[in-house]
Amino acid sequence: MAVPKRKTSKARRDKRRSPNMKMSAPALSVCPQCHEPKLPHRVCPNCNYYDGKEVVATEA
């Protein structure tokens, strides 16, 4: 079984992990129907509209 010969330093370990720390929160756009924030190119979870049309029928 392969075993490391030396302890991995904190600097080397953190250099390897650094790309994950750069990730940011997804950008949000504003829904033109209800003006609530939503993810771009997705159905609005608040009003169920996409591209000016109701996509998911809401129960009355």
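What comes next is a walk through the structure. Predicted, not measured: the structure shown is a model, and the values here were computed from it. (Residues numbered from 1 in each chain as written. Predicted model: local features only at pLDDT ≥ 70, side-chain atom pairs only at ≥ 80, totals over all residues. Heavy atoms only, no water.)

Now for the overall build of the chain. Within the chain one finds one helix and four strands. Secondary structure elements in the chain, listed N-terminal to C-terminal, are α-β-β-β-β. In terms of overall dimensions, the chain is more spread out than a globule: its C-alpha atoms have a radius of gyration of 23 Å, far above the 10 Å expected for 60 residues. Dimensions along the principal axes, computed over C-alpha positions, put the chain at roughly 65 × 25 × 15 Å. Residue pairs in contact within the chain that sit at least 24 positions apart in sequence constitute 0% of those at least 6 positions apart. Only carbon and sulfur atoms are counted for the fraction: they give 54% of the accessible area of the chain, which is about 5900 Å². (Helix = DSSP H or I, 4+ residues; strand = E, 2+ residues; numbered from the N terminus. Rg over C-alpha atoms; globule rule 2.2 N^0.38 Å. Contact = heavy atoms within 4.5 Å. Areas by Shrake-Rupley, 256 points an atom, 1.4 Å probe, with all protein chains shown as cover.)

Let us now look at a nonpolar patch on the surface. Taken together, the side chains of Val43, Tyr50, Val55 and Val56 present a nonpolar region at the surface, about 300 Å² in accessible area. You can see Val55 is positioned in the segment after β4 (53-54). (Patch = residues over 30% accessible without salt bridge, like charges linked within 9 Å, V, L, I, M, F, W, Y side chains within 5 Å. Salt bridge = Lys/Arg side-chain N within 4 Å of Asp/Glu carboxyl O.)

For an α-helix, 3.6 residues make a turn, and residues three or four places apart therefore share a direction. The end-to-end C-alpha distance of helix α1 (residues 10-21), which contains twelve residues, comes to 15 Å, matching closely the 16 Å that a straight helix rising 1.5 Å per residue would cover. For α1, a buried count of zero out of twelve residues is recorded, marking the element as mostly open to its surroundings. (Expected span 1.5 Å × (residues − 1). Buried < 20%, exposed > 50% of the residue type's maximum accessible area, 1.4 Å probe, protein only.)

In short, the description is geometric, and any link to function would need to be established separately.
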